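Notes for the structure review
Spelled out, the chains give:
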Amino acid sequence: MAAAVKAFRALHLRLGTRQAYGGHQRKFVAFAKTIGADPYLPITEEVLCMAAIDFCRTCKATSLPQYFSAIQKMHTENGFGALPRGDAYKQTVRGLINFFGQVDKVEPKHALTIDDLHGILAQLDLRNFADAAFWSALTTAFFGLLRISEYADGALQAQHVRTVDQGVILTVPFSKTSLQPVEVRLSSRPDLLCPRRALQHYGKLRGFVGANQPVFVRSKDGDVMTRSWFINKVKSHVKALGHNPDHYAGHSCRRGGCTAMFLAGVPETFIAAHGRWRSLEYRKYLAFVDDTQWRPTALLASKAGQSLPTLAQAAQRVGLPGTRPSVGVR
């Protein structure tokens, strides 16, 4: 039983978090050795402050909390309890954030748009297996608001995908925030962007697929569609559209689908449920750029000459979509 307790304690962190912590811990151990400190003995506050400064030499100050969480975990596992985070530590961290905060800005990747999808489709030859596979994955990810970890690298298997008259039913087996399967439904579309049509065409080219085989492969030999392959394809196609490829990545699909639904007038509670968000966090995915930036004042201008509702009337219409417990499962 003692071994079982140890095993389940090790699983309290998800795989991605354990991997990130491992990298941070190796970084701290390497730094400690350069200053002559033993990383496996109790860590002093002075060493902690120096480690923070060293970390910010090569990493963003906004990542300091995760870095120290990883060090804390190592410190605890070595039997030394809480790290000494006194005034010196707090002031050093605050100073680093104030200093590097001027340049350490994290710019989210740009969202793909419906027009971008049409532009990408125009570049593809869907008779080519790799292009058909890419297009199928792209439309599935865009309209399904999928994280790239949910469909690339073999994460999505044939048993998780069903095509029906109304569209496509996906069963996302797990995600970075939940180990429970979640069903996602993609409606058919009357245009060339239809995810159901893309999947069916790709399926014809691929032929029979076993239930436990990956849905998305990049060759008829069964080479799994990796994150890097998919992202490189996205970058090459947006570059051909005249965009800066550095601004795009796998998350551009999830962000783009979220923004497209919002612009189409889909209620925010539906967007939150479809994207498996339980809070207002999804609003960070809305790409408020270019034409979208005109919408607030354009909508107000459309009411010119009309009487606006009173504050009391408006208050009755205000809700907080996306916050109800019944909305989605992350």
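For the structure itself, look to the data block above.
Here's a quick rundown of the structure. Just so you know, these numbers come straight off a predicted model, no measurement behind them.

**As for the overall build of the protein**
Along the backbone of the protein there are 13 helices and three strands. Every one of the 330 residues in the protein was classed for burial, and the buried ones make up 39%. Look at the contacts in the protein between residues 6 or more apart in sequence, and 66% of them connect residues 24 or more apart. About 18900 Å² of surface is accessible on the protein, with carbon and sulfur atoms providing 57% of the total.

**Focus: the packing of aromatic side chains**
One pass over the full model with this rule turns up ten aromatic pairs. With a centroid separation of 5.5 Å and 80° between ring planes, the pair formed by Tyr151 and Phe230 is classed as edge-to-face. A residue pair is termed long-range when its members are at least 10 positions apart, and Tyr151 in the loop between helix H7 (129-144) and strand S1 (161-164) and Phe230 in helix H9 (residues 227-240) qualify at 79 residues. Among the aromatic residues, those joined into a cluster by ring pairs are Phe55, Tyr67, Phe68 and Tyr89. In this arrangement the basic side chain of Lys233 is found over the ring face of Phe134, its NZ or CZ atom lying 5.2 Å from the centre.

**Details of the side chain of Ser136**
Among the secondary structure elements, Ser136 is positioned in helix H7. Note on Ser136: relative accessible area 0%, which makes it buried. Residues contacting Ser136, with those up to four places away along its chain left out, are Ala198, Leu199, Tyr202 and Phe216.

About the criteria used
Residues numbered from 1 in each chain as written. Predicted model: local features only at pLDDT ≥ 70, side-chain atom pairs only at ≥ 80, totals over all residues. Heavy atoms only, no water. Helix = DSSP H or I, 4+ residues; strand = E, 2+ residues; numbered from the N terminus. Buried < 20%, exposed > 50% of the residue type's maximum accessible area, 1.4 Å probe, protein only. Contact = heavy atoms within 4.5 Å. Areas by Shrake-Rupley, 256 points an atom, 1.4 Å probe, with all protein chains shown as cover. Phe/Tyr/Trp six-rings, centres within 6.5 Å; stacked < 30°, edge-to-face > 60°. Lys NZ or Arg CZ within 6 Å of the ring centre and 35° of its normal.

Bear in mind that shape data such as this cannot, by itself, settle questions of function.
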